[in-house]
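Examining the three-dimensional arrangement
One letter stands for each residue in the lines below.
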Amino acid sequence: MKRIKKVANLLVSVALLGVLAAGCSQETAKNSPAGSSEKEVKYPTKPIEITVPFAAGGGTDLNARAMSEYLSEKWGQPINVVNKPGAGGATGTLEVLKKGSKDGYSILTQSASAGSALFAGNQNLPFKLEDLRFIARLAVDPLAYVVKADAPWNNLKEFNEWVKQNPDKLTFASNGTTAIATFGVIQWMDSIGADFSKAKLVMTNGSGDALPKVAGGHIVLGVQGVSEVANLVKAGKLKILGIASSERSPYFPDVPTLEEQGVKGVTVTQWYGVSAPKEVPDEIVKKWEKSIEEMLNDPAYQEKLKSIVVQPSYLNSDEFTKYVKDEVERFKQIANEKGLVK
């Protein structure tokens, strides 16, 4: 009888230890750093392709190449950048969505032009905004209003007066009728009271195509990101008349903002980010988000951004998605008011 009682007590003790162990295990999991209990993702295990939907040399291209160099070293796999320009960014986007893989090995580098502006002004694209999974925003790049270096205008005020008197003589470079540069020109001309309908858009394929034409005097005005105009400005080929930003650019502190020169209401800005086909797995998105955030906080990468004249500005996937959707609606309103929707 005593032996039976001892066995029963032993079983009860074992059961209690099991309960305590399970409780401790649950408590440990609760107190673990976020994500530590997640299964480690084995990615990437092969080369990744990043598509830039514009020509080489522009802001989207420079950001894609800086990011690919950093993450390639971090992840130990090649990340290859390819340029597929055309149709205001639609050609490269379609290439990724229709021909790219859905497992995180086909990535698209986005900008405001190939993202928000493209969707806002085109109702007949062969893809929808919802076909993309926006992963993270990398950087912002305020718009600089540039003319050729020996143009007769010494500041924005003089240029504004000439444009108001001669709107039909104003030509400006843009990737399309609803590209980021077009929206920048619309807001600026509306602000100074000039007639946008008389200005002439000259279609170009990214800043690498547009800015040499402005520098050569073939197009009067270029409206591109600060990073995109920097080299030609420093080379004495272009002149910045103003920058659309709430604060002066740290890269051109002597150039006044548009608002300082009396031009109000220009809110359009360039940005660069990363997206993929909507089917990309959540765990791959998380890996990109985490790695990009770490990258942007790395002093070595921040020095790299300074060399390409870009300002880091991280948004995670949810924040980036909301930002793009809100911007599309704002651009749609402008496009509808000007009768630009195709």
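In this report, we go over the structure that sits alongside the text. (Residues numbered from 1 in each chain as written. Predicted model: local features only at pLDDT ≥ 70, side-chain atom pairs only at ≥ 80, totals over all residues. Heavy atoms only, no water.)

**Quick look at the sheet that holds strand β8 (residues 222-225)**
We count it as follows: When DSSP finds two or more bridges between a pair of strands, those strands are recorded as paired. Secondary structure elements follow DSSP: runs of H or I no shorter than four residues count as helices, runs of E no shorter than two count as strands, and numbering proceeds from the N terminus. Here the axes come from fitting lines to C-alpha atoms, over the contacting stretch only for helices, and the angles between their N-to-C directions go from 0 to 180 degrees.
Across the sheet, which stays open at both edges, the three strands sit in the order β8-β5-β9 with antiparallel pairing between neighbours. Lying at the two open borders of the sheet, with one neighbouring strand each, are β8 and β9 (238-244). Between one strand axis and the next, the sheet turns through 35 degrees on average, direction left out of account. Summarising the sheet, strand β5 (residues 143-148) and β8 pair through four bridges and their orientation is antiparallel. Within β8, the position partnered with valine 146 by the bridge is glycine 222.

**Observations concerning the layout of surface pockets**
To be explicit about the condition: Grid spacing is 1 Å over the protein atoms alone, the probe is 1.4 Å, and a cavity is where that probe fits but cannot get out, while a pocket is an open set with protein on both sides within 12 Å along at least five of seven lines and lining residues have an atom within 4 Å of a point. Grid points are joined across faces, edges and corners, and a volume is the space filled by probe spheres set on the points. Residue type decides the class: Asp, Glu, Lys and Arg count as charged, Ala, Val, Leu, Ile, Met, Phe, Trp, Tyr, Cys and Pro as nonpolar, and the leftover types, Gly among them, as polar.
Looking at the second largest pocket, its volume works out to about 270 Å³. Lining of the second largest pocket is provided by 13 residues; of these, Phe119, Ala120, Asn122, Gln123 and Lys332 occupy positions nearest its centre. When residues in the lining of the second largest pocket are grouped by element, the largest group, three residues, is from helix α11 (residues 317-337). A class-by-class count of the residues in the lining of the second largest pocket yields seven nonpolar, three polar and three charged.

**Some details on empty space enclosed by the protein**
Evaluated as defined, the whole model comprises two cavities of 30 Å³ or more. Of all elements in the fold, only α2 (59-75), α6 (180-192) and β8 reach the threshold of two or more residues within the lining of the largest cavity. Its residues placed into classes, the lining of the largest cavity shows five nonpolar, 11 polar and one charged. Thr267, Val268, Thr269, Glu327, Arg330 and Phe331 are the residues that line the second largest cavity. Classifying every residue of the lining of the second largest cavity gives two nonpolar, two polar and two charged.

**Some details on the side chain of glutamine 224**
Here is the rule we go by: Think of it in three bands: with a 1.4 Å probe and only protein chains considered, a residue is buried below 20% of the maximum accessible area for its type, exposed above 50%, and partly exposed in between. By the criterion applied in these results, polar contacts are pairs of N or O atoms within 3.5 Å in which, for protein atoms, one can donate a hydrogen and the other can accept it, and in which residues neighboring in sequence qualify only through two side-chain atoms.
Structurally, the position occupied by glutamine 224 is in strand β8. Under the relative-accessibility criterion, glutamine 224 is labelled buried at 8%. In this structure the side chain of glutamine 224 is engaged in a polar contact, spanning 3.1 Å, whose partner is the side chain of glutamate 228.

**Digging into the environment of aspartate 61**
Heads up, the condition is: Only heavy atoms enter the contact rule, under which two residues are in contact if any of them lie within 4.5 Å.
Here aspartate 61 is to be found in helix α2. The sequence separation of aspartate 61 and serine 111 amounts to 50 residues, and the corresponding C-alpha distance is 9.9 Å. Among all residues touching aspartate 61, those that are not within four sequence positions of it are Val52, Ala55, Ala56, Val81 and Asn83.

**What about the packing of helix α4 (residues 113-121) against α11?**
What counts is decided by this rule: Throughout this description, any angle smaller than 35 degrees is read as roughly parallel, any larger than 145 degrees as roughly antiparallel, any in the 65 to 115 degree range as roughly perpendicular, and the remainder as oblique. Note on convention: near helix rotated counterclockwise from far helix by under a right angle means a left-handed crossing. Clockwise means right-handed.
The N-to-C vectors of α4 and α11 enclose an angle of 45 degrees; their axes lie 8 Å apart at closest approach. Between α4 and α11, the interaxial angle falls into the category oblique. The crossing of α4 and α11 is right-handed. Taken together, the residues of α11 that come into contact with α4 (itself represented by Ser116, Ala117, Phe119 and Ala120) are Val324, Glu327, Val328, Phe331, Lys332 and Ala335. Looking at the contact of α4 with α11, its residues break down into seven nonpolar, one polar and two charged.

**Let's talk about the sheet that holds strand β3 (residues 106-111)**
Ordered in space as β2-β1-β3-β10-β4-β11, the six strands form an open sheet in which the pairing is mixed. The sheet terminates laterally at β2 (79-83) and β11 (311-315), the two strands that pair on one side only. Averaged over all pairs of adjacent strands, the angle between strand axes in this sheet comes to 25 degrees, irrespective of strand direction. Bridge count for strand β1 (residues 48-52) against β2 is five bridges, and the pairing is parallel. Opposite glutamate 49, over in β2, you have asparagine 80 as the bridge partner. The sheet contacts of helix α3 (residues 90-99) involve β1, β3, β4 (132-141) and β10 (270-277), and relative to β3 the element is tilted by about 155 degrees.

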